[in-house]
Every structure is written in C-alpha cells, then in structure tokens.
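So you can see what is in the structure, the chains are spelled out below.
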Amino acid sequence: MAAPSPSPSNTETMLQEHRSFPPPPAFAAGAHLSSIEQYEALHARSLEDPDGFWAEVAADLHWFRKWDRVLRWEAPDPVWFGGAKTNLCFNCLDRQVDAGLGDRPAILWEAEAMGPDGAPIVESWSYAGLLEETSRCANALKAMGVKKGDVVTIYMGMVPQLAIAMLACARIGAVHSVIFGGFSAAAIADRVVDGNSRFVITCDGSYRRGRVVPLKATVEEALQREGAGIVTDVLVYRRTRDADAPFTAKADGGRDHDWAELVHQQSDDCPAEEMDAEDPLFILYTSGSTGKPKGILHTTAGYMVWAYLTSRLTFDLAGHGDGPRRAGRAGDDRLPWSPGPVDRQSDAPVDIYWCTADCGWITGHSYIVYGLLPNRVPTLMYEGAPDFPAKDRFWDIVERHRVTKFYTAPTAIRAFMKWGDEHVEKHDLSTLRVLGTVGEPINPEAWMWYREKIGGGTCPIVDTWWQTETGGHMLTPLPGATTAVPGSCGKPMLGVSASVVREDGRPAGVNEGGMLVIDKPWPGMLRGIHGDRQRFVDTYWSAVEGKYCPADGARRDENGNFWIMGRTDDVIVVAGHNLGTMEVESALVAHARVAEAAVVGFPHEVKGNGIAAFVIPHGDVPAPGSDGEAAERDALIAHVGRELGPIARPDQIRFTPALPKTRSGKIMRRLLRSVAAGEEVTSDVSTLEDPAILDKLLGR
Ligand code: PRX
C-alpha cells in the first residue's frame, strides 16, 4: 500500500481534535433517528438480518413486481432484489403524481444570470410538469432510435433539462452516461467510444460567470476524434441561443435534433419500462490509477433503494405528504423514517434541499436527482458559479429559497472563508437545519467556520464519505443520532460494515492507520467497470479477499469514528474531484515539447490538493525564472486544460533534465511530493539511480 497522501488538514491536527458536537436536543427529538442507541440497534439489525431490513426499507417505494429474494451474494457480484420489477423514474415522478401531489414543487431551478429587471430567474417544476416533459423527452429518444440498454451520453449545463434527460433515460431503460460540462472534447470522445454510445444529449452552450461555455462546439470536436463517429443522433437543448453553436439537422444530412422541435412534438404519454432489478441504470466515469477512466456501472433497484434511504437519513428529510414524524405515530412498528401513506392535508414543514454539486458527478446523480425525488423533497438546482454576480450568491440563494438542508464541498467552504465573512453576514441563513460536506477531507478549521458562520453555531454537520463506486453515503454522522467531530466522517451508514485493516488484511488497532475496507455488500454498490471485468476485480476486490477496497487510507478512533487519511493509489482528489496522475501525465506527454512527465499532489489551501507536474522536455530545459520558462509553462497548463478540462490544469510545472528513479526504474513519487510541497526532503534517497538529481530538482 502506498502511503496515504496527507490532506491539507494534517494528520497531526486531526489526532489532537477533541471538540465534539452532539445533536442539539430539540433537533434530535424530532429526527428520524434520534439517539446513538437507536442508531446502534438499527445498524446491528441491518447487518444481522439484511434481508428483513432491506425488505422493509424497499417497501417505501413502488414495485411493479416484488423481489423473490432480497440478496444473493457471491463476491464480487450481488443480486439485490432479484426477480423484482421497478422503475426509478416512476418512483421519482409518477408515484408522487399518483398520490395526488402532482402540483407540488419537485425541482427548483435558478439561472445564473439575473433577469432584465435585475431579479433572479427561477423556475419551479412540479412532479406533474416534470413527468410531462420527461415523458416527451423519453418519446423523443425513442424517435431517435434509442432502445432499452443503449448508452446515451449527456453533456449539458446545470439546467432542469439535464435532470429531465437523465429521468427520460431511466424511464425507457436507456443507460445514461453523464459527462461533466467542464470536460474536454477528448474526454467526451473517450467516453463515447468506451461506452459505445450512439446518442448524445447536449446544450448549445451553458453559462459560467456570465460567459458562454460552447458545449455543442465541444461535442462536434469530440465527434471528429477517432472512433467517436459512431454517434448517429445528437439532441440539442438551446439554452444560450448562441448563433455560433454548430447545428446540422439530421434531416439535412447531419446528426442534430432541436429539443424545442423534437421533444415538443411528442406525446406526453410514455409508460415507464418495467425494469429488472439488476438492469443497468447508468454508467459514470471516474479516474483510476491508469490513464483510462473507469465507467462505473450502477443498476436499478439496489441503487434506487440506497439513494432513497441514505438521502433520507443523512439529511433527515421531510417530504411533501410525509405527515408527522414517528414520534407522533404511537403504536406504529414501521421503520422510524418510513413516511407511510401520503397525507395530502399535512401541514408539517417540508424541506428545501440544495446540493451545490453538478449532475456530472455522482453527488449530483444521487443527491440532486435520484435520492431526493423519491423522498418528495424539493431539490434546488443552481446553474452557475458561487461568485456570480457577487461572492454572496450562495447565501443569497439560501436566504431567498429558505433552504433547510445544504450540501457542498470542503473546497468551496475554504474558498468562502478566504472571501471573507461579510458576504455571509449580509444574509439570513436561519432556515438551515443540516449542513453536509462531500468529496474530500474537511480540515477542522473549515468545519468550525461552516458550523459557526453558515450553521449559526447549531446546525449539525454531516461529513459524508463515499465514492462514485459506492452510489451513496457509506460513512457519515447522522444529524439527530451521532456526535459529530470536526474532520471525522463518523460512523457507517445502516447496512454498511466498514473496517480498517493492515496490509496483510488483519484488523488495525484503534487509531492505527490502514486501508479502509467494506466487509459486506450494500444495495448501492457498483456492479462493474463497463467492459472491463478484470479491472473491476483487480481494482476493488483483490486487496482483501471478498471485501471491497476503496483505496482510501483511514483510521478508526476510540469512539468508533472514522478518519479518512487520503488515497492509497495514484488518484489525486483535487477540489473534491478525482484525477488520475496517469491521466495528467499522458496529457502532458501528448504535447510535442514533453519527453516524460511525473505528476503528484501537494497540499493546497483551497483545493485540498493541487497538481504538480515534473516535466522532462525534449531538448534544453528552459532557464529557471526566464520568460521562456514562463511561456512554456503556460502553454503546457493550457494544453492539459484542453485535453482533460480546466480541473486538471497543473498548479505547478517544474522543468527538469531527469526524474528521480530507483535503480529498478520506479519514479520516487514520495520525493516529488516533498519537493512540490516545499518540504524538507526526508525520504531515503539512497536507492536513487542518480542521487544528484535531487539537487537539480531543487534548483541547487
Ligand atoms: O478519497 C475519497 C474522497 O473522494 C474519493 C471519491 O471520489 P469520487 O468517486 O469522485 O466521489 C466524490 C463524491 C462522493 C474517495 O475515495 N472523499 C469523498 N468524500 C470524502 C472523501 N475524503 C474524505 N472525506 C470525505 N467526506
């Protein structure tokens, strides 16, 4: 196991973290889970009797046909809810409409730009409205030739039509592959080819800080790349009405269809396909140790139940028609969070939930769309940047929409801290009840700022650890039940058995760092890497037999709380997003000037980790500090941005005549990490092939 790369919140500070925050009693009293004893009893039951437990959870949702058996498990292949028939889109929309809640708000959307009168542009989509547009979109996909099981690539900005496109795929059993709208043409082409995807849904452009991001032009560029010509049809939602966006109608010999025409010609009647429990639902690409991204496969029923339950418990959700909490339901032996029959007259408060992620990441899949709609909780989508038109935009949104549950990334929190408290203090944030974080470790200082400044010193914070592969939350505090400690991601979710092990697979001691492993199957687990069985087995299932290995280092403290210590593979988590060092290295060596490159992470004040690239150029190394060096550096940074997308742009580029290698030819990344971090190099350099290289790297 490689040494976990330390996060900016260094391990020392975290080991000394003794502040702890039990749930506020008034909050706990009304929560779905309201004490540690209740959590422990349910957690034990979920592991001892998974079949009984998950059958009860699943009963909250709609099934065309119930399962024959809850779980069949032969590592690494589970069958969850085998024999059942269901549809996730039906559970998101039809179920609410059928229960008489069709007119209630399901998605609240806010545009980045203000309207002509200076007021925000807001759309409220009801379940019935969404169902209509989703059904039309689903019929449009059918008209384009999309069939059950086909992979549909979605590359859009944060507009309601993105959620509608996802839901339309789920409705007809097409498998969506959403690509973050900041990714490059090369990234799109790779994913189209890997997924053998003949259909694309995109926008002409999206807005970012008032500027148009040309999505359609990027798709065009992608489809010129090798192999990507397999795409036959592109559905284009015109968001920016940008006249420069390329468009050649299918009827004119091109591939393109205009959403406004094709979708709006369709009938709004499209029955939801009855899907088998293990039918593929989506693939979502994530970075791995090699250059090629992994298409993580999730299937229908298990993912649906997992997204539903984890949303409900982690954010303690209250949805339309839920009625009073369990505390008000004497003699009721259902699970404590179960909403039971819809109460249309209920005047119990309903949450307004906002997750600031993009639907291009798993967080957007599970915690903007698929976990929230079945919970009947209005989910807010915001189109743009947090600092547009001003640095208080998020808090302005929270105040105006009366947001109760808020979910964001540590990197954003660190940026807010840097921008200054005045932007926060302008706004009334008193509606907030639970704050969440995701994507990377949060340093205790940022955690405390979040609690004090955003949460008014009272909101429970849920630091949720999970991955694209896990589908939903795995380790997290539960806001009414567990005591939160800044920097710790708390305890296992119901149904999750997690442990920390040594390299030989034996359990690590209290506070001893080791590999995090998940011991038992859970409904939202990945079912594979698209088209690569061997990589799936090797990556996740080979470190410890029969256990899922997420490649994160961790320790568990004396109270049973987990602390994530960083990746144990060659993935760098940058601003909450995974990047493979190999991906960045491959992009660099694709540049004519680069002979060899090695990429490592280093602690970064805002992004958690930054990217440092050590580059051996063809020909001469540019003179340190020269204009030539600066120009070459800028050119390489821009090149990586174009190849992989802006997130992957290196923060540091250092030209060097050679890289530090061991005599067996392995690059000594630990040494490069020290150099990039500006630390004293303490690694043992005796195994270096050329010990003088260190002086060269340090410019001595
Ligand atoms: O290293 C962990 C880190 O992000 C990785 C998963 O990245 P991704 O698949 O892109 O999913 C991000 C959204 C779930 C993990 O292996 N990570 C995620 N959440 C946390 C975290 N590290 C520490 N604390 C967290 N709460």
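The name given to the protein chain in an unreviewed UniProt entry is acetate--CoA ligase, with Phycisphaera mikurensis as the source organism. As stated in UniProt under Sequence similarities (unreviewed entry), the record for the protein chain gives "Belongs to the ATP-dependent AMP-binding enzyme family."

Each helix and strand counted, the protein chain has 22 helices and 32 strands in total. Compactness check: the protein chain gives a C-alpha radius of gyration of 25 Å against a globular reference of 27 Å for 700 residues, within 12% of the reference. Based on the C-alpha atoms only, the size of the protein chain along its principal axes is roughly 75 × 65 × 55 Å. Counting over 700 residues, the protein chain shows a buried share of 60%. Look at the contacts in the protein chain between residues 6 or more apart in sequence, and 71% of them connect residues 24 or more apart. Each charge class in the protein chain can be summarised by its mean position, and for the 71 positive and 93 negative side chains these summaries are 1 Å apart.

Now for the site of the ligand. Near the ligand there are 18 residues, and of these Asp-463, Thr-464, Thr-468, Asp-552 and Arg-567 occur at the shortest range. In the model, a nitrogen atom of the ligand is placed 3.1 Å from a nitrogen or oxygen of the Gly-439 main chain. Here Asp-552 contributes a side-chain N or O atom positioned 2.5 Å from an oxygen atom of the ligand. Contact with the protein chains covers 95% of the free accessible surface of the ligand, which is 540 Å². Listing elements by their share of the shell around the ligand, those giving two or more residues are helix H13 (362-370), strand S20 (461-464) and strand S27 (562-567). Among the residues forming the shell around the ligand, the class breakdown is seven nonpolar, six polar and five charged.

Next up on the list: the sheet that holds strand S32 (residues 652-655). Within the open sheet, the three strands sit side by side as S30-S31-S32. Their pairing is mixed. In this open sheet, the two edge strands, each paired with only one partner strand, are strand S30 (594-604) and S32. Between one strand axis and the next, the sheet turns by 20° as a mean value, whatever way the strands run. Direction of pairing for strand S31 (residues 608-617) relative to S32: parallel, over a ladder of four bridges. Along S32, the bridge assignment pairs Val-615 with Phe-655.

A few words now on the confidence of the model for the protein chain. Residues with a pLDDT of 70 or more make up 96% of the protein chain, whose mean pLDDT is 93. pLDDT under 50 marks residues 1-10. Its contacts with residues more than four places away, or in other chains, come to 26 contacts. Interface confidence in the predicted complex, given as ipTM, is 1.00; pTM for the same model is 0.92.

Now for the side chain of Asp-256. Inspection of the secondary structure puts Asp-256 in strand S12 (residues 256-258). Assessed through its relative accessible area of 4%, Asp-256 is described here as buried. Only 2.8 Å separates the side chain of Asp-256 from the backbone nitrogen of Thr-248, close enough to count as a polar contact. Apart from the residues within four sequence positions on either side, Asp-256 is in contact with Lys-216, Glu-220, Val-234, Val-236, Pro-246, Phe-247, Thr-248, Ala-249 and Lys-250.

What follows deals with the environment of Val-305. Its location among the elements puts Val-305 in helix H12 (residues 300-314). Among the residues examined, Val-305 registers a relative accessible area of 0% and is labelled buried. Considering only alpha carbons, one finds Val-305 and Ala-55, 250 residues apart in sequence, at a separation of 9.9 Å. Apart from residues no more than four positions distant in its own chain, Val-305 is found in contact with Trp-54, Val-57, Ala-58, Leu-61, Trp-63 and Phe-81.

Trp-54, Trp-63, Phe-81, Ile-154, Trp-337 and Tyr-370 are the most contacted members of the largest nonpolar core, which totals 141 residues. Sequence-distant contacts of Trp-63, defined by excluding residues within four places in its chain, comprise Ala-58, Phe-81, Ala-84, Lys-85, Thr-86, Ala-301, Met-304 and Val-305. The next biggest cluster of nonpolar side chains, apart from the first, holds 29 residues, and it includes Leu-108, Val-424, Cys-459 and Ile-461.

This next bit is on the packing of aromatic side chains. Counted by the stated rule, this structure contains 37 aromatic pairs. Seen from their ring centres, Phe-53 and Trp-54 are 5.0 Å apart, and the 85° between their planes marks the pair as edge-to-face. For the pair shown, Phe-53 and Trp-54 are each scored as buried. Here the aromatic rings of Phe-416 and Trp-419 are separated by 5.6 Å at their centres, their planes lie at 70°, and the arrangement is edge-to-face. Taken together, the positions of Phe-416 and Trp-419, both in helix H15 (residues 410-419) and three residues apart, correspond to about one turn of that helix.

Our next topic: the pairing of strand S15 (residues 294-299). Within S15, six of the six residues are buried, which leaves the element mostly enclosed by the surrounding structure. Two elements, strand S14 (residues 280-286) and S15, share six bridges in a ladder whose sense is antiparallel. Paired with Thr-286 across the strands is Lys-294, a residue of S15. Relative to strand S25 (residues 528-529), S15 runs antiparallel, the two sharing two bridges. Paired with Leu-297 across the two strands is Gly-528, which belongs to S25.

Basis of the calculations
Residues numbered from 1 in each chain as written. Predicted model: local features only at pLDDT ≥ 70, side-chain atom pairs only at ≥ 80, totals over all residues. Heavy atoms only, no water. UniProt positions renumbered as here; feature names shortened; annotations may be inferred. Helix = DSSP H or I, 4+ residues; strand = E, 2+ residues; numbered from the N terminus. Rg over C-alpha atoms; globule rule 2.2 N^0.38 Å. Buried < 20%, exposed > 50% of the residue type's maximum accessible area, 1.4 Å probe, protein only. Contact = heavy atoms within 4.5 Å. Lys, Arg positive; Asp, Glu negative; His and termini not counted. Charge placed at Lys NZ, Arg CZ, Asp CG, Glu CD. Near = heavy atom within 4 Å. Polar contact = N/O pair within 3.5 Å; in protein donor to acceptor, adjacent residues only side chain to side chain. Areas by Shrake-Rupley, 256 points an atom, 1.4 Å probe, with all protein chains shown as cover. Nonpolar A, V, L, I, M, F, W, Y, C, P; charged D, E, K, R; others polar. Pairing = 2+ DSSP bridges. Axes fitted to C-alpha atoms, helices over the stretch in contact; angles between N-to-C directions. pLDDT = per-residue confidence, 0-100. Core = buried A, V, L, I, M, F, W, Y, C linked by side-chain atoms within 4.5 Å. Phe/Tyr/Trp six-rings, centres within 6.5 Å; stacked < 30°, edge-to-face > 60°.

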